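Spelled out, the chains give:
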Amino acid sequence: ADGRRRLVSSSPDEPCKKMTLYFHDILYDGGNNTANATSAAATNPTALSNSTYLGMLVVFNDPVTERNVLPVGKEVPAARAQGFYFYDKKESFNAWFAFSLVFNSTEHKGTINLMGADLMGEKTRDISVVGGTGDFFMARGIATLRTDALEGLYYFRLQMDIKLYECYV
Amino acid sequence: ADGRRRLVSSSPDEPCKKMTLYFHDILYDGGNNTANATSAAATNPTALSNSTYLGMLVVFNDPVTERNVLPVGKEVPAARAQGFYFYDKKESFNAWFAFSLVFNSTEHKGTINLMGADLMGEKTRDISVVGGTGDFFMARGIATLRTDALEGLYYFRLQMDIKLYECYV
Amino acid sequence: ADGRRRLVSSSPDEPCKKMTLYFHDILYDGGNNTANATSAAATNPTALSNSTYLGMLVVFNDPVTERNVLPVGKEVPAARAQGFYFYDKKESFNAWFAFSLVFNSTEHKGTINLMGADLMGEKTRDISVVGGTGDFFMARGIATLRTDALEGLYYFRLQMDIKLYECYV
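Residues numbered from 1 in each chain as written. Chains lettered and ligands numbered in written order. Predicted model: local features only at pLDDT ≥ 70, side-chain atom pairs only at ≥ 80, totals over all residues. Heavy atoms only, no water.

Draft legend 1. Summary view of the overall build of chain A. The helix and strand tally for chain A stands at zero helices and ten strands. Each helix and strand of chain A, ordered N terminal to C terminal, gives the series β-β-β-β-β-β-β-β-β-β. Its C-alpha atoms give chain A a radius of gyration of 17 Å, within 12% of the compact-globule value 15 Å for 169 residues. Along the longest, intermediate and shortest principal axes, the C-alpha atoms of chain A span 55 × 35 × 25 Å. Burial statistics for chain A: of 169 residues in total, 59% are counted as buried. (Helix = DSSP H or I, 4+ residues; strand = E, 2+ residues; numbered from the N terminus. Rg over C-alpha atoms; globule rule 2.2 N^0.38 Å. Buried < 20%, exposed > 50% of the residue type's maximum accessible area, 1.4 Å probe, protein only.)

Dropping the structure here:
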């Protein structure tokens, strides 16, 4: 039997679980980074605003780490982020994300499902944790995103502060 | 400290928060409405059913207003709807939506995240509020959609009655 | 008045509702199966990994049944699954889903909204039920997926064990 019991935070100040993770997106550049790339554009930007990539939808299976560096050698990342984002604004870069954090380590097994607007003009912005499975059964909460690195067109790194307010423990 | 406390409705008749908003979609027509368009097709309809746009995926950053008219002049909309929809049916028009309502006004700051089937053949249809941030921290509920206007291929307006049943107040 | 009251499971062992359903995906093959196809690729696989369909996004409006066979003749399916999936991995087949189960029968009216990673390499994998409407008002839970059939490129069938842990009854 599963002995876990439901725990709901009584205040936004008191999450039942907190984690900080780093999301690394290495976008396929069309040929030179095939071995390293972990995401690829499934659609092209539209003519409505080519310069801000409006309409470009990127599918990813990105490494997620506990420290803000890419895994070295055969190091296994803490999780994979599987999902997609697209750019949606004419005036500036702005994105929308939906994805799963997939954990399969000795520490954690299970998934966390997230979605929301990545308001890239803001220093930090919040998206929703809308569900979870396995160790994160029925999780809900918030992930606060911060751009931790942006290197040209083909690499960015997001710091994700994940705070759960509904847990089974 | 954040003094808000969790409030859960005991009955479907008693939402903890209600709002009516209007969602305006102005689709890019390929060249003539670049200045006004707030959405664009990232994919073309498929040959499975070109006439019902099956497979056309539209990315949007649409104005959302309190009254059922577009913002006039420099008037700031109540929110932006950032997300996407696509058409998915052979026999008739039918869509699926996922998006964030992004509020950044004196009245509200924060986001509401929604997803669900837009059963366009029904006079009203419900989608899910699956999460929220800021003023809408951890929100859940229902949005009832009604087509309020449909003008040719490039403009539609949805009335959204948003009813939250989980709030922090 | 709506006399339903909120019910939350106290343990992962005790869902407030359980259902087993079968999801049938018949992918459009480009011409020969137009009458039967219920899904279509809106994007092509990317060059990052053509062989695992990475980047192919499929829009669907698929029949969902109580037994593991397609509806026969004029038999009406138990529900429709409306949404999309895409493939996201270089090394093997792996997908990500977001969709609505749309019920419109004498037994059930309403929708269940789901999202999550379909880890195709696992015998079973869990995705999240993130919301519901109508008979499934404010539902949350888990759907356990199992590949029940895989016939060439154009048909697969998933068994979905849906377990809700938040219900209004």
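That was the structure; now back to the text.
Draft legend 2. Molecular detail of the pattern of salt bridges. Following the criterion strictly, the structure yields 24 salt bridges over all chains and no others. Arg157 of chain A is paired through a salt bridge with Asp148 of chain A; the nearest N and O atoms lie 2.7 Å apart. Since its relative accessible area comes to 21%, Asp148 of chain A is described here as partly exposed. Notably, a salt bridge pairs Glu166 of chain B with Arg140 of chain B, separated by 3.4 Å at the nearest N-O pair. Of this pair, Glu166 of chain B sits in strand β10 (residues 155-168) while Arg140 of chain B sits in strand β9 (residues 140-151), placing them 26 residues apart in sequence. Note on accessibility: Glu166 of chain B and Arg140 of chain B belong to one class, buried. In this structure, a network of salt bridges that share partners links the residues Arg6, Arg140 and Glu166 of chain A, Arg6, Arg140 and Glu166 of chain B together with Arg6, Arg140 and Glu166 of chain C. (Salt bridge = Lys/Arg side-chain N within 4 Å of Asp/Glu carboxyl O.)

Draft legend 3. Molecular detail of the relation of the copies chain A and chain B. For these two chains of identical sequence, chain A goes onto chain B by a turn of 120 degrees and a shift of 0.0 Å along the axis, with RMSD 0.0 Å. When the rotation and shift are considered jointly, the pair of chain copies conforms to a three-fold rotation axis. Minimal C-alpha separation from the rotation axis in chain A is found for Val130 of chain A, amounting to 3.5 Å. (Least-squares fit on C-alpha atoms with pLDDT ≥ 70 in both.)

Draft legend 4. Representation of the interface of chain C and chain A within the structure. Taken together, the contact pairs 36 residues of chain C with 40 residues of chain A. Buried area between chain C and chain A, summed over both chains or domains, comes out near 2,700 Å², and the portion from carbon and sulfur atoms is 63%. Here chain C is connected to chain A by two salt bridges. Taken together, the links from chain C to chain A amount to 17 residue pairs in polar contact (both at pLDDT 80 or more). Those elements that provide at least two residues to the side of chain C that touches chain A are β1 (6-8), β5 (79-87), β6 (95-104), β7 (109-118), β8 (124-134), β9 (140-151) and β10 (155-168) of chain C. Looking at the side of chain C that touches chain A, its residues break down into 18 nonpolar, ten polar and eight charged. (Contact = heavy atoms within 4.5 Å. Buried area = accessible area lost by both parts, 1.4 Å probe. Polar contact = N/O pair within 3.5 Å; in protein donor to acceptor, adjacent residues only side chain to side chain. Nonpolar A, V, L, I, M, F, W, Y, C, P; charged D, E, K, R; others polar.)

Draft legend 5. Representation of the pairing of strand β6 (residues 95-104) of chain B in the model. Residue and element names in this part refer to chain B. Across the ten residues of β6, nine count as buried, placing the element largely inside the fold. Across eight bridges, strand β5 (residues 79-87) lies against β6 in antiparallel orientation. Bridge assignment links Gln82 to a residue of β6, and that residue is Ser100. The antiparallel hairpin formed by β6 and strand β7 (residues 109-118) contains four residues in its connecting segment. (Pairing = 2+ DSSP bridges.)

Draft legend 6. Up close: the state of the cysteines. Residues and elements named next belong to chain A. Applying the stated criterion across every chain, the model contains three disulfides over all chains. There is a disulfide in this structure between Cys16 and Cys167, and the S-S distance comes to 2.0 Å. Looking down the S-S bond of the Cys16 and Cys167 bridge, the torsion is 85 degrees, so its handedness is right-handed. Taken together, the residues span a long stretch of sequence, with Cys16 in the loop between β1 (6-8) and β2 (17-26) and Cys167 in strand β10 (residues 155-168) at a distance of 151 residues. By relative accessible area, which is 8% here, Cys167 ends up buried. (Disulfide = S-S within 2.5 Å.)

Draft legend 7. The arrangement of the nonpolar core in detail. Judged by nonpolar contacts, the single largest core of 36 residues is most densely connected at Phe84 and Trp96 of chain A, Phe84 and Trp96 of chain B together with Phe84 and Trp96 of chain C. Contacts of Phe84 of chain B, omitting those with residues within four sequence positions, involve Phe84, Phe86 and Trp96 of chain A, Leu57, Val58, Val59, Phe60, Trp96, Phe97 and Ala98 of chain B together with Phe84 of chain C. (Core = buried A, V, L, I, M, F, W, Y, C linked by side-chain atoms within 4.5 Å.)

Draft legend 8. Broad picture of the environment of Glu122 of chain A. Mapping Glu122 of chain A onto the fold places it in the loop between β7 (109-118) and β8 (124-134). Residue Glu122 of chain A is classed as partly exposed on the basis of its relative accessible area, which comes to 41%.

Draft legend 9. Just the interface of chain A and chain B, in detail. Listed as interface residues are 36 residues of chain A and, on the opposing side, 40 residues of chain B. Approximately 2,700 Å² of surface area, both sides summed, lies buried where chain A meets chain B, with 63% of it carried by carbon and sulfur atoms. When the area that chain A buries against chain B is broken down by residue, the three leading residues are Pro12, Leu48 and Arg140 of chain A, summing to 21%. In this structure, the connection of chain A to chain B is made through two salt bridges. Across the pair Glu166 of chain A and Arg6 of chain B runs a salt bridge whose closest N-O atoms are separated by 3.1 Å. One can count 17 residue pairs in polar contact (both at pLDDT 80 or more) joining chain A with chain B. Where the side of chain A that touches chain B is concerned, the elements lending two or more residues are β1, β5 (79-87), β6 (95-104), β7, β8, β9 (140-151) and β10 of chain A. The element best represented in the side of chain A that touches chain B is β8 of chain A, accounting for four residues. Its residues placed into classes, the side of chain A that touches chain B shows 18 nonpolar, ten polar and eight charged.

Draft legend 10. Broad picture of the side chain of Thr65 of chain A. All names here are of chain A. Of note, Thr65 is situated in strand β4 (residues 57-65). Taking the relative accessible area as the measure of exposure, Thr65 reaches 7% and is therefore buried. A polar side-chain atom of Thr65 sits 2.7 Å from a polar atom in the side chain of His24. Not counting chain neighbours up to four residues away, the residues in contact with Thr65 comprise Leu21, Tyr22, His24, Pro71, Pro77 and Ala78.

Draft legend 11. Molecular detail of the packing of aromatic side chains. Counted according to the given criterion, the structure contains 69 aromatic pairs over all chains. Between Phe137 of chain A and Tyr168 of chain A the ring centres are 4.8 Å apart and the planes differ by 75 degrees, which places this aromatic pair in the edge-to-face class. You can see Phe137 of chain A sitting in the loop between β8 and β9 and its partner Tyr168 of chain A sitting in strand β10, a full 31 residues away along the chain. Both residues of the pair, Phe137 of chain A and Tyr168 of chain A, belong to the buried class. Ring plane angle 70 degrees and centroid distance 5.4 Å describe the contact between Tyr53 of chain B and Phe93 of chain B, whose orientation is recorded as edge-to-face. Taken together, the residues span a long stretch of sequence, with Tyr53 of chain B in the loop between β3 (39-41) and β4 (57-65) and Phe93 of chain B in the loop between β5 and β6 at a distance of 40 residues. Its relative accessible area of 37% is what places Phe93 of chain B among the partly exposed residues. Taken together, Phe23, Tyr53, Phe60, Tyr85, Tyr87, Phe93, Phe97, Phe99 and Phe156 of chain A form an aromatic cluster joined through their ring pairs. (Phe/Tyr/Trp six-rings, centres within 6.5 Å; stacked < 30°, edge-to-face > 60°.)

Any functional reading would require information beyond the geometric quantities listed.
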